[in-house]
Amino acid sequence: MSTALAVLTAAGSGTRLGGDGPKALVELAGTTLLERSARGLAQAGVAGIVVTAPADQVDTFATYFPDGRITLTSEQGESCSIPVLVVAGSSASRQASVALGLDALETLTETHGMCLDASTPVLVHDAARALTPPDAIRRVIAAVTLGYNAVIPVLPVTDTLKQVGDSTASAHLGIGLRPVMATIDRSALVSVQTPQGFAWSTLREAHESARTRGANERTAATDDAGLVEDAGGQVMTVPGDLLSMKVTTRLDLALATLLLDQS
Ligand SMILES: C[C@](O)(CO)[C@H](O)COP(=O)(O)O
C-alpha cells in the first residue's frame, strides 16, 4: 500500500474576494489560504503535494514552500516536512488545471523516489477550502485505501431547491424574474466538497477519457468525480465537514476568520 499524494488547485483569481491578486494568497488571520490548505493535507498524512498556481505566479507561490517543502512542527518542537512542487495551472478550467497537476505528480514522485502505482490514493483539493480538518481528509484517504476508487466528501442540502425557467426582464423592477418550474426533492441531494480522493489509475484514466472525448472549457466538469462518472466509474460519498467550506466571497472570509478565532 502506498501513501496518499495530492494536487492542490490554487489557480483561481480573488475577484469575488474583492482582491486583485490570486485567491490562494488571500490571508486568513495572517496566513494564506494556500499555506493553510497545504498544511492541512500534510497534517492528514499526505506525503507529497503538487500546487497548481496561476501561470504568472509560479515563482511567487513557490516562495511559500522554502526548498520545495512544507514543514510541520509539533508542540514538542519536532519537525517533519514533505515535498511540494508548484506548477502552472490553466486559466481555461479547473479540469485543465488538475490535468496539469497530474502530469506534475509524476515528476514529483520520480524526483523524490516515491511510489505512484495504480492504487496510490491521490487527492484533489481546493486551496480555498483552507479550514478542512485533517480528520475529514483522512476519511477520504481511508476509503480510497480500502479499495473505493473514487470518494467524495459531502453534506446534506439544507435549503429548499427549485428548478427555474428563463428570465423575463422587468423594466419596472430593474431585475430579471424567473418562473419556478418544479420543486426538487432534496432528500437525495448533497453538496460536494474536497478533497476528492481517487486511486491513481482511476483519476488518470478519467482525465484521459475526458481529453479523448474532447471535453473543453465549455463542457468541463466542475469536479473530478464528475469525470469518473462520465467515464462510467462508481463514485462513493463519505461525510464532509462544515469547516471544509469554500472561501469564495468576503462573507466566507469573515465567517472563516470568526471560526478560527473560536477554535
Ligand atoms: C470541486 C468543488 O469544490 C466541489 O464543490 C467545486 O466544484 C469547485 O468549484 P470552483 O468554481 O472551481 O471553485
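This is a predicted model, so every value here is computed, not measured.

### A short note on the overall build of the chain
At step 1: Within the chain one finds seven helices and 15 strands.
At step 2: In terms of overall size, the chain behaves like a compact globule, its C-alpha atoms giving a radius of gyration of 19 Å where 263 residues would be expected to give roughly 18 Å.
At step 3: Counting only C-alpha atoms, the chain reaches 65 × 40 × 35 Å along its principal axes.
At step 4: Counting the 263 residues in the chain, one finds 46% classified as buried.
At step 5: If you take every contact in the chain between residues at least 6 apart in sequence, the share linking residues at least 24 apart comes to 73%.
At step 6: Per element, the accessible surface of the chain, about 13,500 Å² overall, is 52% carbon and sulfur.

### Points about the side chain of Asp223
At step 1: Mapped onto the fold, Asp223 is located in the loop between α5 (200–213) and α6 (224–230).
At step 2: Despite being buried, Asp223 has no salt bridge partner; Arg94 is the closest side chain of opposite charge, sitting 6.8 Å away.
At step 3: Here the side chain of Asp223 touches Gln196 through a polar contact of 2.9 Å, side chain to side chain.
At step 4: A polar contact is formed between the side chain of Asp223 and the backbone nitrogen of Gly226, at a distance of 2.9 Å.
At step 5: In this structure, Asp223 is in contact with Arg94, Val192 and Gln196, ignoring residues within four places of it in sequence.

### With respect to the site of the ligand
At step 1: With respect to spatial proximity, the complete set of residues near the ligand consists of Arg94, Asp126, Arg129, Val192, Thr194, Thr222, Asp223 and Lys246.
At step 2: One nitrogen or oxygen atom from the side chain of Asp126 is found 2.5 Å from an oxygen atom belonging to the ligand.
At step 3: Contact between the ligand and Thr222: an oxygen atom at 2.9 Å from a main-chain N or O atom of the residue.
At step 4: For the ligand, the accessible surface in isolation is 360 Å², of which the surrounding protein chains cover 71%.
At step 5: In terms of residue class, the shell around the ligand is made up of one nonpolar, two polar and five charged.

### Regarding helix α7 (residues 250–262)
At step 1: Spanning 13 residues, α7 covers 19 Å between terminal C-alpha atoms, matching the ideal 18 Å at 1.5 Å per step.
At step 2: Residues of α7 that are buried include every one of Asp252, Leu253 and Ala256, and no others. All buried residues of α7 lie within an arc of 100° about the axis, which places them on one face of the element. Relative to its buried face, α7 has exposed residues pointing more than 90 degrees away, namely Arg250, Leu251, Asp261 and Gln262.
At step 3: Its buried side turned inward, α7 meets β2 (27–28).

### Some thoughts on the pairing of strand β8 (residues 150–156)
At step 1: Burial analysis of β8 places six of its seven residues in the buried class, which makes it a mostly covered element.
At step 2: With two bridges joining them, β8 and strand β14 (residues 196–199) adopt antiparallel strand pairing. Within the sheet, the bridge partner assigned to Val151 lies in β14 and is Gly197.
At step 3: With four bridges joining them, β8 and strand β15 (residues 236–239) adopt parallel strand pairing. Paired with Ile152 across the two strands is Thr237, which belongs to β15.
At step 4: Bridge analysis of β8 against strand β13 (residues 190–192) gives three bridges, and the strand direction is antiparallel. Paired with Pro156 across the two strands is Val190, which belongs to β13.

### Focus: the confidence of the model for the chain
At step 1: A residue-level look at the chain finds 98% of positions with pLDDT of 70 or above and a mean pLDDT of 94.
At step 2: The complex prediction reports pTM at 0.95, with the ipTM value standing at 0.97.

### A few points about the packing of helix α3 (residues 94–112) against α5
At step 1: Contact geometry of α3 with α5 gives a least axis separation of 11 Å together with a crossing angle of 135°. One finds that α3 runs oblique with respect to α5. Of the two elements, α3 crosses α5, and the hand of that crossing is left-handed. Contacts from Gln95, Val98, Ala99, Leu102, Asp103, Leu105 and Glu106 of α3 reach α5 at Trp200, Leu203, Arg204, His207 and Ala210.
At step 2: Of the residues belonging to the contact of α3 with α5, the class tally is seven nonpolar, two polar and three charged.

### Points about the pattern of salt bridges
At step 1: According to the stated counting rule, one finds eight salt bridges in the structure shown.
At step 2: Close ionic contact of Arg138 with Asp135 constitutes a salt bridge, the shortest N to O distance being 2.6 Å. Of this pair, Arg138 and Asp135 are both found in helix α4 (residues 134–146), three residues apart, which corresponds to roughly one turn of the helix.
At step 3: When salt bridges with common partners are traced through the structure, they connect Arg94, Asp126, Arg129 and Asp224 into a single cluster.

Parameters and conventions
Residues numbered from 1 in each chain as written. Predicted model: local features only at pLDDT ≥ 70, side-chain atom pairs only at ≥ 80, totals over all residues. Heavy atoms only, no water. Helix = DSSP H or I, 4+ residues; strand = E, 2+ residues; numbered from the N terminus. Rg over C-alpha atoms; globule rule 2.2 N^0.38 Å. Buried < 20%, exposed > 50% of the residue type's maximum accessible area, 1.4 Å probe, protein only. Contact = heavy atoms within 4.5 Å. Areas by Shrake-Rupley, 256 points an atom, 1.4 Å probe, with all protein chains shown as cover. Lys, Arg positive; Asp, Glu negative; His and termini not counted. Salt bridge = Lys/Arg side-chain N within 4 Å of Asp/Glu carboxyl O. Polar contact = N/O pair within 3.5 Å; in protein donor to acceptor, adjacent residues only side chain to side chain. Near = heavy atom within 4 Å. Nonpolar A, V, L, I, M, F, W, Y, C, P; charged D, E, K, R; others polar. Expected span 1.5 Å × (residues − 1). Arc of directions from axis to C-beta. Pairing = 2+ DSSP bridges. pLDDT = per-residue confidence, 0-100. Axes fitted to C-alpha atoms, helices over the stretch in contact; angles between N-to-C directions. Parallel < 35°, antiparallel > 145°, perpendicular 65-115°, else oblique. Left-handed = near helix turned anticlockwise from the far one by under 90°.

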